[in-house]
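# Summary of the model geometry
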Amino acid sequence: RNAQFIQTGARIGLPNEVDVEARVASFFIEDDVSPGFYNSSHLGHGNRQGIAGGLEAFFNKQRFKVYANFVDADVINRKLNQSRQQTFTIGFETFYEML
């Protein structure tokens, strides 16, 4: 019934309209939490606690973003069907505006 997700970060503007953002987070999700926000494959659903971090670069002129995220989610209470989960994601996004 208890969960928390605390995140902080910083964004820095670089030359040529490039923004770089770094984030770090800490989370705690008991196994009986039901809100959809905590039911994420990246966080490992319920019965988890851990840390997350990310770095992204947003290229404003070209309208795309590249990013990398890491999550280390260990279990709170040991269960047969759960174990420590670590994920690393690399992504690329493009942004299209409606005219």
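One can find the structure itself at the top, above this paragraph.
Below or above, wherever it landed, is the structure these notes cover. (Residues numbered from 1 in each chain as written. Predicted model: local features only at pLDDT ≥ 70, side-chain atom pairs only at ≥ 80, totals over all residues. Heavy atoms only, no water.)

## So, the nonpolar core
Ranked by size, the top nonpolar core spans nine residues in total: A25, F27, I29, V33, Y38, L43, A52, V71 and A73. Broken down by element, this core gets its largest block of residues, three residues, from strand 2 (residues 18–29). Not counting chain neighbours up to four residues away, the residues in contact with I29 comprise N2, A3, Y38, L43, H45, G46, N47, R48 and I76. (Core = buried A, V, L, I, M, F, W, Y, C linked by side-chain atoms within 4.5 Å. Buried < 20%, exposed > 50% of the residue type's maximum accessible area, 1.4 Å probe, protein only. Helix = DSSP H or I, 4+ residues; strand = E, 2+ residues; numbered from the N terminus. Contact = heavy atoms within 4.5 Å.)

## A look at a nonpolar patch on the surface
A cluster of nonpolar residues, F70, F88 and I90, forms a patch on the protein surface that exposes about 350 Å² of accessible area. Considering the arrangement of structural elements, one finds F70 in strand 4 (residues 64–75). (Patch = residues over 30% accessible without salt bridge, like charges linked within 9 Å, V, L, I, M, F, W, Y side chains within 5 Å. Areas by Shrake-Rupley, 256 points an atom, 1.4 Å probe, with all protein chains shown as cover. Salt bridge = Lys/Arg side-chain N within 4 Å of Asp/Glu carboxyl O.)

## Digging into unusual backbone geometry
One non-glycine residue, H45, lies in positive phi territory at about 65°. Within the secondary structure, H45 is located in the loop between strand 2 and strand 3 (48–59). Here the phi dihedral of N47 falls at roughly 60°; this positive angle occurs in a residue that is not glycine. By secondary structure assignment, the location of N47 is in the loop between strand 2 and strand 3.

## Some remarks on the packing of aromatic side chains
If you walk through the whole model with that rule in mind, you get three aromatic pairs. Between the aromatic rings of F58 and F95, the centroid separation amounts to 5.2 Å while the plane-to-plane angle is 75°, which identifies the pairing as edge-to-face. Highlighted residues: F58 in strand 3 and F95 in the segment after strand 5 (85–94), separated in sequence by 37 residues. Judged by its relative accessible area of 17%, F58 is buried. Judged by its relative accessible area of 28%, F95 is partly exposed. Consider the rings of F59 and F64, whose centres lie 4.6 Å apart with planes at 15°: the pair is stacked. (Phe/Tyr/Trp six-rings, centres within 6.5 Å; stacked < 30°, edge-to-face > 60°.)

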